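Take a look at the letters that make up each chain.
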Amino acid sequence: MARIQDAEALKWGKGNFDLDRETLNQLVSRDADAGLSFDIFLDLKAYQSAPEMLVEVFDRLLSQPFQDWNMVLLRGDACGEKVSEIADFYEVQDDRITALDLGNHGIWSLALAERFHGSDADFCVLIGKPVYPSKGFLQAIVQEHRHYRKSMLYYCDAVEVDDALNIEALLLNKPWDQTLLQQRDATGGIVVVDREILARVQPDGRQGDRWYHDLLVQLSRVIPAPQVTHLPYPLVAVKGGEAVDHESGTLPAVSAHPMVSVIIPTRDGLALMQKVFEGLEQVTNYPNLEIIVIDNGSEKPETLEFFAEKAKQAHVRILRIDAPFNFSSLNNQAAEAANGELLLFLNNDIEMTDPEWLGHMVTALQSANAGAVGALLYYPDGRIQHAGAVIGAEAGVATHLGLKEKPMWMETSGMGMEAQELSAVTAACMLTRRDLFLSMKGFDPALQVAYNDVDYCLRLRELGRKVLIEPKATLIHHESATRTDDLNPENRERALAEVARMQTRWFNSLRRDPQFHPCLSMAAPGFMPREDLRYRPYWHVDRVPDML
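Residues numbered from 1 in each chain as written. Predicted model: local features only at pLDDT ≥ 70, side-chain atom pairs only at ≥ 80, totals over all residues. Heavy atoms only, no water.

Visitor: Help me understand the packing of helix α10 (residues 270–283) against helix α11 (residues 301–310), please; the structure alone is not making it clear to me.
Guide: Pairs of packed helices are described in terms of their axes, by the angle between the two and the distance that separates them. Their axes nearest at 10 Å, the elements α10 and α11 cross at an angle of 20°. Taken together, the axes of α10 and α11 are roughly parallel relative to one another. Viewed along their axes, α10 and α11 form a crossing whose handedness is left-handed. For the pair formed by α10 and α11, the contact residues are Leu 270, Met 273, Gln 274, Phe 277 and Glu 281 on the first element and Glu 302, Thr 303, Phe 306, Phe 307 and Lys 310 on the second. Per-class residue counts for the contact of α10 with α11 are five nonpolar, two polar and three charged. (Axes fitted to C-alpha atoms, helices over the stretch in contact; angles between N-to-C directions. Helix = DSSP H or I, 4+ residues; strand = E, 2+ residues; numbered from the N terminus. Parallel < 35°, antiparallel > 145°, perpendicular 65-115°, else oblique. Left-handed = near helix turned anticlockwise from the far one by under 90°. Contact = heavy atoms within 4.5 Å. Nonpolar A, V, L, I, M, F, W, Y, C, P; charged D, E, K, R; others polar.)

Below is the structure:
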């Protein structure tokens, strides 16, 4: 979730959220024969700290031009007196509002399953956080379903409001991410789901009153990603401080420790290699490592002596390759020779400080359909060097997320510290499966230095594999300490050829990063709005079917 306070972006966001009544009436009249109905399930406990938000929920639903809905209030002993009073007041005002009360039992998911089976609505609106919808929220779902994308699940973006309910920021949710959803809610607290799908989901009572996240996890396992639509418009409001899900979990831990072959290309660079070995052998807490050093023409006696001594260790191999530097070819040859089930491509200028970094990456790679995992890399001065990559035309080919931002950016930006899906990660530290890497013929040797990692990630995604960033795996990257700059005259021709190859091969993919919000600039690594956002149509404006 990206938090945006740019003045022009806020103006655009307010226009979407506060669409005028006349326009809404016209839209509802146009789609009067759509025949869609909604059952709204609202968790009263979520509003205990923000009862004024609950009043807005009722007032805005009751005043929406679209009125084909019913509401089920999820009540419990922990709702609080003020919330109960508000709910009681509105429940007697409208017979479409009923209560589901379990007292202090709190096993919502089991009770909800019965209500889903008994419902005759087309869609269920699940509200598990203290949010309130815009007056056009339901009509926006009707419009999307009828005119653009018929999906099993819809979610949207939000505006952030202050205590007086004034809009202060835009909150742009991440595109659908099953891996992230295993750990925390990434939908903003409200989703619209096909009732027939909900009726088929097996409830998990172990989550207790965390029914909303429980259902999200279950739904992410049964709904194919193409059947999820993220509406990139702010159609709900959330109070400042409530936007981030603080109840973050972790991915399921793995008990096995498959062998990881760590592949490190180098030419001399003795001080760097000593630091890498120190990190792998003395800092890293992982019991099953093979270290393969690709010696690409080292000449200094002290380096050769160091390698000869290291080669005496059973878990270390020195692979001598005297050939012009080609990152792709060197790593491909080492991968062929590796014994590990997993391959870790590692630059020789990486420094390790956290013992568990590799364990976090291995755990992430064991998650469903994961093809590659990258790490959160910092510059020596503490700024972020890599929090994943964004691909797209504005970025040329790719640019690093969070580049040169302070460490707190991971939280203040809304990205968080959970493993999540991106389009690409850097091979300065990338974990993948050996059999998968070899079956894809490894890195493209035509990409000698740059973008070979991006190309590999895009090919993985073509196969339906996920590319993940694991921010809990943190390392220091002394970036390109042993290589010259691509802008130097002797490297420029090669660098331009690599850009051209990527732009030709991945022309369609580079038009827009599917894992990046379409309202954000792909050229700005710190989550900045697009410069043309002010001209972007509001949600109700006719658009081509694939326009988001």
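Visitor: Help me out: how do you make sense of the pairing of strand β12 (residues 289–295) in this one?
Guide: Strand residues, when the strand is regular, have side chains that alternate between the two faces of the sheet. β12 sits mainly inside the fold: seven of its seven residues count as buried. Burial of β12 is two-sided: the residues Leu 289, Ile 291, Val 293 and Asp 295 facing one way and the residues Glu 290, Ile 292 and Ile 294 facing the other way are all buried. In this sheet, β12 lies alongside strand β11 (residues 260–266) in parallel orientation, the contact comprising seven bridges. The residue of β12 that forms the bridge with Val 262 is Ile 291. (Buried < 20%, exposed > 50% of the residue type's maximum accessible area, 1.4 Å probe, protein only. Pairing = 2+ DSSP bridges.)

Visitor: When you look at the pairing of strand β7 (residues 153–161) in this model, what are you seeing that I'm missing?
Guide: Within β7, nine of the nine residues are buried, which leaves the element mostly enclosed by the surrounding structure. Relative to strand β9 (residues 190–194), β7 is paired through two bridges, and the arrangement is antiparallel. Counterpart to Tyr 154 in the pairing with β9 is Val 192. Sheet topology note: the β7/strand β8 (residues 167–172) ladder contains four bridges and is antiparallel. From the neighbouring strand, Glu 160 faces β8, where its bridge partner is Ala 169. Here β7 folds back onto β8 in antiparallel fashion, the turn holding five residues, of which Leu 165 has a positive phi close to 65°.

Visitor: Explain the nonpolar core to me, please; I cannot follow it from the model alone.
Guide: Soluble globular proteins: nonpolar side chains tend toward being buried together. With 113 residues, the main nonpolar core has Phe 38, Tyr 47, Met 71 and Phe 137 as its most contacted residues. Not counting residues within four places of it along the chain, the set of residues in contact with Phe 137 comprises Gln 64, Val 125, Cys 156, Ile 190, Val 192, Leu 235 and Val 236. If you look at the next biggest cluster of nonpolar residues, it comprises 38 residues, including Ile 291, Val 362, Leu 365 and Leu 431. (Core = buried A, V, L, I, M, F, W, Y, C linked by side-chain atoms within 4.5 Å.)

Visitor: Would you explain helix α1 (residues 7–17) in this entry?
Guide: Since one α-helical turn is 3.6 residues long, residues separated by three or four positions face the same way. Taken residue by residue, α1 has Ala 9, Leu 10, Trp 12, Gly 13, Gly 15, Asn 16 and Phe 17 as its buried positions. Regarding α1, its N-cap is Asp 6, as a side-chain oxygen of that residue lies 3.1 Å from the backbone nitrogen of Glu 8 further along. (Polar contact = N/O pair within 3.5 Å; in protein donor to acceptor, adjacent residues only side chain to side chain.)

Visitor: Mind showing me how you'd approach the packing of aromatic side chains here?
Guide: Any pair of aromatic rings gets described here by the distance separating the centres and the angle formed by the planes. Per the counting criterion, the structure on display carries 20 aromatic pairs. Both rings, one in Phe 38 and one in Phe 123, keep their centres 6.0 Å apart while their planes meet at 25°; by these two values the pair is stacked. Of this pair, Phe 38 sits in strand β2 (residues 38–43) while Phe 123 sits in strand β5 (residues 123–127); the two residues are 85 residues apart in sequence, bridging distant segments of the chain. By the burial criterion, Phe 38 is buried, and Phe 123 matches it. Between Phe 89 and Tyr 90, the aromatic rings sit 5.1 Å apart at their centres with planes inclined by 90°, giving edge-to-face as the arrangement. Taking the relative accessible area as the measure of exposure, Phe 89 reaches 47% and is therefore partly exposed. Each residue in the set Phe 327, Phe 345, Phe 437, Phe 443 and Tyr 456 is aromatic and connected to the rest through ring pairs, giving one cluster. The residue whose ring lies beneath Arg 96 is Trp 69, and the NZ or CZ to ring-centre distance is 3.8 Å. (Phe/Tyr/Trp six-rings, centres within 6.5 Å; stacked < 30°, edge-to-face > 60°. Lys NZ or Arg CZ within 6 Å of the ring centre and 35° of its normal.)

Any functional reading would require information beyond the geometric quantities listed.
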